[in-house]
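If you want the building blocks of each chain, they are given just below.
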Amino acid sequence: ALRRALASWEAAAAALPQDWALQLHLGKLKRKLGRPAEEFLRHLAHAVHLSAAAPYAAPGPLLEPLASLHAARLKLLDSVQQNVARSGSSSQSDGDDEGDAHEGRDAGKDEPSVDERDTLAAVGLHCFSSAAATAVTEIADPKALAAALRADCREALLFVLDRNKYFHRARHRLAMSAVAAGEQRPALEELRPLFTRRTGFG
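Residue positions are given per chain, counting from 1 as you read along its sequence in written order. For a predicted model such as this one, the threshold for reporting local features is a pLDDT of at least 70, and the threshold for listing and counting side-chain atom pairs is 80 or more; totals across whole chains, interfaces and linings nevertheless cover every residue. Hydrogens are left out, water is left out, and the side-chain values use all remaining heavy atoms of the structure.

Trainee: Quick rundown of the overall build of the protein? Include the residues and the values.
Mentor: Numbering goes from the N terminus for both helices and strands, where a helix is a DSSP run of H or I of at least four residues and a strand is a run of E of at least two. Scanning the protein for helices and strands turns up 10 helices and 0 strands. For the protein, the α and β elements follow one another from N to C terminus as α-α-α-α-α-α-α-α-α-α. Partly exposed describes any residue whose relative accessible area lies between the buried limit of under 20% and the exposed limit of over 50%, with all areas from a 1.4 Å probe on protein chains only and scaled to the type maximum. Here the protein holds 202 residues, and the buried ones make up 39% of them. Note on contacts: a residue pair qualifies if any of its non-hydrogen atoms lie within 4.5 Å across the two residues. Within the protein, contacts between residues separated by at least 24 positions form 60% of all contacts whose residues are at least 6 apart in sequence. A total accessible area of about 11700 Å² is found for the protein, and carbon and sulfur atoms account for 54% of it. Per-residue and other accessible areas follow the Shrake-Rupley method at a 1.4 Å probe size, with only the shown protein chains counted as cover for residues.

Trainee: Residue-level account of the nonpolar core, with values.
Mentor: With 37 residues, the main nonpolar core has L41 and L149 as its most contacted residues. At the level of secondary structure, the elements contributing two or more residues to this core comprise helix 2 (20-32), helix 3 (37-51), helix 4 (63-98), helix 6 (114-124), helix 7 (130-136), helix 8 (142-163) and helix 9 (168-180). With 9 residues, the single largest contributor to this core is helix 4. Here L41 is in contact with L69, A72, R73, L76, A122, V123 and H126, once residues within four sequence places are set aside. Definition used in this section: a nonpolar core is a set of buried Ala, Val, Leu, Ile, Met, Phe, Trp, Tyr and Cys residues joined via side-chain atoms within 4.5 Å.

Trainee: Residues and numbers for the side chain of H126, please.
Mentor: Position of H126 among the secondary structure elements: in the loop between helix 6 and helix 7. Taking the relative accessible area as the measure of exposure, H126 reaches 17% and is therefore buried. Setting aside anything within four residues of it in sequence, one finds H126 in contact with L41, R42, A45, L69, H70 and R73.

Trainee: Hey, could you go over the pattern of salt bridges for me, with residue numbers and the actual values?
Mentor: Put simply, a salt bridge is a Lys or Arg side-chain nitrogen that is within 4 Å of an Asp or Glu carboxyl oxygen. Applying the stated criterion across every chain yields a total of 12 salt bridges. Note that D162 and R163 form a salt bridge whose closest N and O atoms lie 2.7 Å from each other. Residue D162 is classed as exposed on the basis of its relative accessible area, which comes to 59%. By sharing partners, the salt bridges in this structure join E10, K30, R35 and E39 into a single network.

Trainee: Could you give an account of the packing of helix 6 against helix 8, naming the residues involved and the relevant values?
Mentor: In a packed pair of helices, the relevant descriptors are the angle between the two axes and the axis-to-axis distance. Look at helix 6 against helix 8: their axes get within 10 Å of each other, and the N-to-C directions meet at 35 degrees. Our pair here, helix 6 against helix 8, has a crossing hand that is left-handed. Where helix 6 approaches helix 8, its residues R117, L120, V123 and G124 are matched on the opposing element by P142, L145, A146 and L149. Each residue gets one of three labels, nonpolar for Ala, Val, Leu, Ile, Met, Phe, Trp, Tyr, Cys and Pro, charged for Asp, Glu, Lys and Arg, and polar for the others, Gly among them. Residue composition of the contact of helix 6 with helix 8, grouped by class: 6 nonpolar, 1 polar and 1 charged. An axis is simply a line fitted to the C-alpha atoms; with a helix, the fit covers only the stretch in contact. Between two such axes, the angle follows the N-to-C directions and lies from 0 to 180 degrees. Each crossing gets its hand from how the near helix is turned against the far one by less than a right angle, where anticlockwise is left-handed and clockwise is right-handed.

Trainee: Residues and numbers for the side chain of H70, please.
Mentor: As for its placement among the helices and strands, H70 is situated in helix 4. A relative accessible area of 2% places H70 in the buried class. Discounting chain neighbours no more than four positions away, the residues touching H70 are H126, C127, F128, C153, A156 and L157.

Trainee: I'd like to hear about the packing of helix 2 against helix 3, residue by residue, with values.
Mentor: Running from amino to carboxyl end, helix 2 crosses helix 3 at an angle of 160 degrees, the nearest separation of the two axes being 8 Å. In terms of orientation, helix 2 lies roughly antiparallel with respect to helix 3. In this structure, helix 2 meets helix 3 at a crossing whose hand is left-handed. For the pair formed by helix 2 and helix 3, the contact residues are W20, Q23, L24, L26, G27, K28, K30 and R31 on the first element and E39, F40, H43, L44, H46, A47, L50 and S51 on the second. When grouped by side-chain class, the residues that make up the contact of helix 2 with helix 3 number 7 nonpolar, 5 polar and 4 charged. Orientation is classified from the angle alone, with under 35 degrees giving roughly parallel, over 145 giving roughly antiparallel, 65 to 115 giving roughly perpendicular, and any other angle giving oblique.

Trainee: Any details on the confidence of the model for the protein? Residues and values, ideally.
Mentor: pLDDT is a per-residue confidence score from the predictor, ranging from 0 to 100. On average, residues of the protein score 87 in pLDDT, and 85% of them reach the 70 mark or higher. Mean pLDDT across the elements of the protein ranges from a minimum in helix 5 (residues 101-106), with 41, to a maximum in helix 3, with 97. Predicted confidence for residues 99-108 stays below pLDDT 50, and this span has 9 contacts to residues more than four positions away or in other chains.

Trainee: Describe in detail the packing of aromatic side chains, supporting the description with residues and values.
Mentor: Stacked, edge-to-face and tilted are the three classes for Phe, Tyr and Trp ring pairs, Trp counted by its six-membered ring, which pair at centre distances within 6.5 Å; planes under 30 degrees apart are stacked, over 60 edge-to-face, the rest tilted. All told, the structure shown has 1 aromatic pair when counted by the stated rule. A centroid spacing of 5.4 Å and a plane angle of 50 degrees characterise the contact between F128 and F159, whose relative ring orientation is tilted. In this pair, F128 is assigned in the loop between helix 6 and helix 7 and F159 in helix 8, connecting sequence segments 31 residues apart. Residue F128 is classed as partly exposed on the basis of its relative accessible area of 27%.

Written out as structure tokens, the structure reads:
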């Protein structure tokens, strides 16, 4: 069903190449289908670009595609971090069982795989700030690169919340990212506004 839907969305996008919403849905659909990060992020980034030219847009892109792009980037980074931590834990356990063999794996146990490096590269193609876009090209260490990219994603989602504090999906992604990093208290602080009574419309 998703593949049939994809064909329909692609036909619509070909007929209406300036429609940002079609690019947004294409990106989301390809993510659900498990397409490579580089592929679905490209659609989300194109949606951001097109939305900036929408006649009803304020200066700059609309919040919906902007939040979707950077939430997707942050979710990918969280996945890489969890996979690396899981493989490191597994290597530690194996090393304990195998004695000296532990030392041979220790150096690489916290390093991302080739696929994870490809994910970092794809995420790095769509930075929110120009400063981050320049910085990531100069970072060779994968851990430092992931940290810089996470900071850039957070900056983007905080920008969205600064423009609309009730954009709950951005806040939820920030909280889930904190959970993925083992930061329980910051996660709770991110969610707190969702359970605070509104006192006005400002």
